[in-house]
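# Remarks on the overall topology
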Amino acid sequence: MEIERKFTIKSLPEDLSTYPYHHIEQFYLNVNPVIRARKQDDDYYLTYKGKGLLAREEYNLPLNKESYYHLREKADGNFISKRRYLIPIPDASLTIELDIFDEPFTPLIIAEVEFSSEEEAAAFIPPVWFDEDVTFDPAYHNSNLSRRIFPDSTIILERT
């Protein structure tokens with residue numbers, strides 16, 4: 001079970017370059033249900049995600065490089081590329097996954113925090129540099145971002 005909250009941010013942490021990061025490329029084969037393939041650095045995964053916004057089932061299966069690139073040819077929608085910074089939250093044993101998206105999604109930046117329970121998620125007090133909680137806004141799900149049509153290189157998310 002994946003339990004996570006998503007936030008826009010007010011500003012980047014000043015010490016962002018000191019945190020480890022992953023380069024992620026992903027695409028979707030289907031969005032209902034969500035079936036995603038992801039390359040994270042040199043690792044490859046196929047993921048199934050159930051319905052839900054705060055909490056939903058998630059299953060990850062390893063892929064090899066050849067399988068990933070074979071499936072890549074069958075992608076439906078936009079490819080998503082982003083840099084994911086891993087920022088520990090002091091005294092909480094939680095990690096902020098700060099996603100800085102590449103074109104055509106620039107300047108989108110989303111912070112995600114995963115929890116072990118819905119109660120823990122509800123009790124979470126975000127850092128001051130977080131802005132709006134967009135957990136329950138489906139426009140911020142990567143699967144929905146993959147379906148967006150861009151008239152230019154700027155992303156503007158419309159509230160649903």
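Use the structure listed above.
Residues numbered from 1 in each chain as written. Predicted model: local features only at pLDDT ≥ 70, side-chain atom pairs only at ≥ 80, totals over all residues. Heavy atoms only, no water.

### Thoughts on the overall build of the chain
Of the regular secondary structure elements, the chain holds three helices and 10 strands. A compact globule built from 160 residues should have a C-alpha radius of gyration of about 15 Å, and the chain, at 16 Å, falls within 12% of that. Expressed as lengths along the three principal axes of its C-alpha atoms, the size of the chain is roughly 45 × 35 × 35 Å. In the chain, once contacts between residues fewer than 6 apart in sequence are set aside, the share between residues at least 24 apart is 59%. Total accessible area on the chain is roughly 8900 Å²; 52% of this is exposed by carbon and sulfur atoms. Counting 18 positive and 29 negative side-chain charges, the chain places the averaged centre of each group 5 Å from the other. (Helix = DSSP H or I, 4+ residues; strand = E, 2+ residues; numbered from the N terminus. Rg over C-alpha atoms; globule rule 2.2 N^0.38 Å. Contact = heavy atoms within 4.5 Å. Areas by Shrake-Rupley, 256 points an atom, 1.4 Å probe, with all protein chains shown as cover. Lys, Arg positive; Asp, Glu negative; His and termini not counted. Charge placed at Lys NZ, Arg CZ, Asp CG, Glu CD.)

### A closer look at unusual backbone geometry
Most peptide bonds adopt trans geometry, and most residues besides glycine take a negative phi value. A cis amide bond links Asn32 with the next residue in sequence, Pro33, at an omega value of 5°. Here Pro33 is to be found in the loop between strand E2 (21–31) and strand E3 (34–40). Residue Thr106 is joined to Pro107 through a cis peptide bond whose omega torsion reads 15°. Locating Pro107 in the fold gives a position in the loop between strand E8 (94–101) and strand E9 (109–114). Even without glycine at this site, Asp91 takes up a positive phi of about 65°. As for its placement among the helices and strands, Asp91 is situated in the loop between strand E7 (80–89) and E8. Overall, the relative accessible area of 87% leaves Asp91 in the exposed class. (Buried < 20%, exposed > 50% of the residue type's maximum accessible area, 1.4 Å probe, protein only.)

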